[in-house]
Amino acid sequence: MAEAERIIGTPDSSEAGAAEPDKADEAAAQDPQEAPEQETAAERPRGARRIAVLFAVAALAYALDLVSKLIVVAKLEHRESIQILGDWLQLEVIRNPGAAWGVGEAFTIIFTVIAAAVIVVIVRLARKLYSLPWAIALGLLLGGALGNLTDRIFRAPGVFEGAVVDFIAPKNYPVFNLADSAIVCGGILIVLLSFRGIDPDGTVHKD
């Protein structure tokens with residue numbers, strides 16, 4: 001009898017042993033916590049790359065702005081303007097304590113605070129960044145804001161009251177610098193991304 005049970009029970013035992021891994025896999029697949037953990041681990045490197053792009057673009061924009069200002073101040077300030085495209089585009093160094101067209105010259109400190117606030121917002125937003133175009137746009141904004149904030153802090157007439165160095169002078173347009181260009185390009189890219197329904201976290205809204 002024991003021998004018969006042993007022979008009959010052998011197939012059942014192997015089937016049970018084979019079924020156990022399947023049940024274990026099914027249980028793991030139904031685990032409500034394991035899937036989000038795996039997804040988070042997969043998203044983390046992608047988010048880190050986007051943050052790296054943001055700060056790389058910001059560093060490049062800031063470096064170009066800083067170097068260009070140092071050169072034009074040393075070579076062009078207090079001298080006649082240089083024509084690039086006749087009267088349509090010239091290089092002319094001016095010190096601008098306000099915004100475009102010299103607006104708000106009495107509110108230099110306010111512009112300084114605004115620039116600092118923009119930088120803080122961008123750095124905080126970077127933690128939720130998973131979109132490459134947004135990383136580029138925010139990097140341009142960050143680099144441009146840092147460039148003009150550096151002028152506000154370190155240039156005459158004093159800390160937080162410094163005048164921004166502008167030197168690109170198109171005809172019938174306010175004189176600007178590379179930091180301004182980076183800010184404008186970043187802003188335009190953000191508007192385009194918003195129209196396309198792309199959020200900084202990579203979510204796409206389709207109407």
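In this text, all values refer to a predicted model and were calculated from it rather than measured experimentally. (Residues numbered from 1 in each chain as written. Predicted model: local features only at pLDDT ≥ 70, side-chain atom pairs only at ≥ 80, totals over all residues. Heavy atoms only, no water.)

## Side note on the sheet that holds strand β3 (residues 164–170)
- Read across the open sheet, the 3 strands follow the order β1-β2-β3; overall the sheet is antiparallel. Looking at the sheet topology across the chains shown, the edges are occupied by β1 (82–83) and β3.
- In terms of strand pairing, β1 meets strand β2 (residues 89–96) through 2 bridges, oriented antiparallel. Across the sheet, the residue bridging to Ile82 is Leu91, located in β2. (Pairing = 2+ DSSP bridges. Helix = DSSP H or I, 4+ residues; strand = E, 2+ residues; numbered from the N terminus.)

## A short note on helix α5 (residues 178–195)
- The end-to-end C-alpha distance of α5, which contains 18 residues, comes to 26 Å, matching closely the 26 Å that a straight helix rising 1.5 Å per residue would cover.
- Looking at α5, one finds that the buried residues are Ala179, Ala182, Gly186, Ile190 and Leu193. Looking down the long axis of α5, one finds its buried residues gathered within 70° of arc, a one-sided arrangement.
- At the N-terminal boundary of α5, the capping side chain belongs to Asn177, with an oxygen 3.0 Å from the backbone nitrogen of Ala179.
- Residue Gly197 follows α5 closely and has a positive phi angle near 75°. (Expected span 1.5 Å × (residues − 1). Buried < 20%, exposed > 50% of the residue type's maximum accessible area, 1.4 Å probe, protein only. Arc of directions from axis to C-beta. Polar contact = N/O pair within 3.5 Å; in protein donor to acceptor, adjacent residues only side chain to side chain.)

## Description of the pattern of salt bridges
- Within this structure, the stated rule accounts for 4 salt bridges.
- The partner of Arg155 in a salt bridge is Asp151, with the nearest N and O atoms 2.7 Å apart. As far as burial versus exposure is concerned, Arg155 and Asp151 are alike and both buried. (Salt bridge = Lys/Arg side-chain N within 4 Å of Asp/Glu carboxyl O.)

## Considering helix α3 (residues 108–125)
- Here α3 spans 26 Å end to end across 18 residues, near enough to the 26 Å set by a 1.5 Å rise per residue.
- Within the sequence span of α3, burial applies to Thr108, Thr112, Ala115, Ile119 and Ile122. Buried residues of α3, seen end-on, are gathered within an arc of 95° and therefore sit on one face of the element. In α3, the exposed positions angled more than 90 degrees off the buried face are occupied by Val113, Val121 and Arg124.

## Considerations on the pairing of β3
- Burial within β3 is extensive, with 6 of its 7 residues counted as buried.
- For β2 and β3, the ladder comprises 6 bridges, and the chain directions are antiparallel. Looking across to β3, one finds that Leu89 is bridged to Pro170.

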